[in-house]
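The chain contents come next:
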Amino acid sequence: MDTKPHPEARADLLTFSDVSKSFTVDKKDRPAVYGVNCSIQEGEIITLVGPSGCGKSTLLNMAAGLYKPTTGKISYRGTQIEGLNHRIGYITQSDHLLPWRDVASNILVPLEIMGMAKNERKDRVAELIELVGLEGFEKSYPGQLSGGMRKRTALARLLAYDPETLLMDEPFGALDAQLRLMLQIELLRIARRFKKTVLFVTHDLDEAVALADRCIVFGGRPGTIVDTLNIPLSKDRDLMTLRFNKEYVEVCAKLWQQLSGTIAVGAQ
Ligand code: ADP
Ligand code: MG
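The structure reproduced in this document is the subject of the present report.

Cut-off values and rules
Residues numbered from 1 in each chain as written. Chains lettered and ligands numbered in written order. Predicted model: local features only at pLDDT ≥ 70, side-chain atom pairs only at ≥ 80, totals over all residues. Heavy atoms only, no water. Salt bridge = Lys/Arg side-chain N within 4 Å of Asp/Glu carboxyl O. Helix = DSSP H or I, 4+ residues; strand = E, 2+ residues; numbered from the N terminus. Buried < 20%, exposed > 50% of the residue type's maximum accessible area, 1.4 Å probe, protein only. Contact = heavy atoms within 4.5 Å. Axes fitted to C-alpha atoms, helices over the stretch in contact; angles between N-to-C directions. Parallel < 35°, antiparallel > 145°, perpendicular 65-115°, else oblique. Left-handed = near helix turned anticlockwise from the far one by under 90°. Nonpolar A, V, L, I, M, F, W, Y, C, P; charged D, E, K, R; others polar. Expected span 1.5 Å × (residues − 1). Polar contact = N/O pair within 3.5 Å; in protein donor to acceptor, adjacent residues only side chain to side chain. Near = heavy atom within 4 Å. Areas by Shrake-Rupley, 256 points an atom, 1.4 Å probe, with all protein chains shown as cover. Pairing = 2+ DSSP bridges. Right-handed = clockwise from strand over helix to strand, strands pointing away. 1 Å grid on protein atoms, 1.4 Å probe; cavity = no way out; pocket = protein on both sides within 12 Å on 5 of 7 lines; lining within 4 Å. Points joined across faces, edges and corners; volume = space filled by probe spheres on them.

## Thoughts on the pattern of salt bridges
Moving on, step 1. The full count for this structure, using the stated rule, is 12 salt bridges.
Moving on, step 2. E164 is the salt-bridge partner of R77, the closest N and O atoms lying 3.2 Å from each other. Of this pair, R77 sits in the loop between β4 (71-76) and β5 (79-80) while E164 sits in the loop between α4 (147-160) and β7 (165-169), placing them 87 residues apart in sequence.
Moving on, step 3. Judged by its relative accessible area of 34%, R77 falls in the partly exposed class.
Moving on, step 4. Overlapping salt bridges bring together R192, D213, K235 and R237 as one network.

## Let's talk about the side chain of R157
Moving on, step 1. Within the fold, R157 resides in helix α4.
Moving on, step 2. Non-local contacts of R157, meaning those with residues more than four positions away in its chain, are made with D95, H96, L97, N106, I107 and P110.

## A look at the packing of helix α3 (residues 118-131) against α4
For any two helices packed against each other, one specifies the inter-axial angle together with the distance between the axes.
Moving on, step 1. The N-to-C vectors of α3 and α4 enclose an angle of 135 degrees; their axes lie 9 Å apart at closest approach. By the angle between their directions, the pair α3 and α4 is classed as oblique. Read as a crossing pair, α3 and α4 show a hand that is right-handed. Facing α3, whose interface residues are R124, L128 and L131, α4 presents A156, L159 and A160.
Moving on, step 2. Taken together, the residues that form the contact of α3 with α4 break down as five nonpolar, no polar and one charged.

## With respect to helix α5 (residues 177-193)
Moving on, step 1. In this model α5 runs 24 Å from its N-terminal to its C-terminal C-alpha over 17 residues, within 8% of the 24 Å that 1.5 Å per residue would give.
Moving on, step 2. Taken residue by residue, α5 has R180, L183, Q184, E186, L187, L188, I190 and A191 as its buried positions.
Moving on, step 3. The secondary structure elements touched by the buried residues of α5 are β3 (45-49), α3, α4, β7, β8 (197-201) and α6 (205-211).
Moving on, step 4. Sitting at the head of α5, D176 places a side-chain oxygen 3.2 Å from the backbone nitrogen of Q178.
Moving on, step 5. Trailing α5 by a residue or two, K195 shows a phi angle of about 50 degrees, which is positive.

## Thoughts on the site of ligand 1
Moving on, step 1. Taken together, F23, A32, P51, S52, G53, C54, G55, K56, S57, T58 and Y67 are the residues near ligand 1.
Moving on, step 2. At a separation of 2.8 Å, an oxygen atom of ligand 1 approaches a polar side-chain atom of K56.
Moving on, step 3. Burial of ligand 1 by the protein chains amounts to 59% of its free accessible area of 560 Å².
Moving on, step 4. For the shell around ligand 1, the element with the most residues is helix α1 (residues 56-63), which contributes three residues.

## Structural notes on the pairing of β7
Moving on, step 1. In terms of burial, β7 is a largely internal element, five of the five residues being buried.
Moving on, step 2. Residue alternation in β7 divides its side chains into two sets, T165, L167 and D169 and L166 and M168, and both sets are buried.
Moving on, step 3. Where β7 meets β8, five bridges bridge the pair, whose relative direction is parallel. Each bridged residue has a counterpart across the sheet, and for M168 the counterpart in β8 is F200.
Moving on, step 4. Once the chain exits β7 it traverses α5 before rejoining the sheet at β8, and the crossover so formed is right-handed.

## Here we look at the layout of surface pockets
Moving on, step 1. By volume, the largest pocket is sized at about 600 Å³.
Moving on, step 2. Within the residue set of the lining of the largest pocket, elements represented by two or more residues are β6 (88-91), α2 (103-114) and α4.
Moving on, step 3. Considering only residue class, the lining of the largest pocket consists of 14 nonpolar, six polar and two charged.
Moving on, step 4. The space that makes up the second largest pocket amounts to roughly 330 Å³.

## Points about the pairing of β3
Moving on, step 1. With five of five residues buried, β3 lies mostly within the body of the structure.
Moving on, step 2. Of the two faces of β3, the one lined by I45, T47 and V49 and the one lined by I46 and L48 are each fully buried.
Moving on, step 3. Here four bridges tie β3 to strand β9 (residues 214-219), and the two strands are oriented parallel to one another. Looking at β9, one finds that L48 is bridged to I216.

What follows is the structure, given as structure tokens:
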């Protein structure tokens, strides 16, 4: 198993040390995640793929501090995570926009919580709206937006916290291929420009390769890491032409093979 960090990566940011998680269902312990060991370095984009139900969201919930590991520990910059960590931003599968607030007011929520001065808030919201390409939709309500625009709003709201690390759980799963590509391009641009560290869950293997510096393959029940692939693509890769790139095609094929193995194991 290749667990070497990406060559351009820096210090360890998020570390899972022998992490396991069980849930109690009907008074019985049901293991969901088992024996996870890995370190994510500052500035890395890591994707996490694996069959449904193998514990990917559970792992993210623990990294966000929402769940405690049953055994093992998770550290952020060398300190054990206990409860919510405000340097980590989390987008769950559902975007949780507030339907009674327009786009600008939804993005404003974190700034209000952080107590940013009113005159500064306005400029910051305008900056974020421009960053995710939502100019002209400031006064639209979530119910009036397309799926892609809702995701952009959720991304802008996440970035309003200015978290160092972004946890994203299948954020583009429900979108059509073209919209998904646009958002992938924007995510990479933003992550690289602001040197964000990203842990991104997807069930789409092409997406897992397209975005990542490293891709973690998760599998089995309980879920554990079955492989880690270094993605041999430059950080400023062009997603529009990636499908014609030989190395990309080769890694996608390798991942398909890996995952067909884990699906077979998961089904036993
Ligand atoms: P994935 O995101 O890979 O589809 P999950 O992390 O959502 O998988 O779930 C992994 C396993 O843990 C599943 O069997 C699921 O039913 C169980 N699980 C997840 N959250 C809870 C919970 N809060 N209570 C009980 N079981 C849970
Ligand atoms: Mg999930």
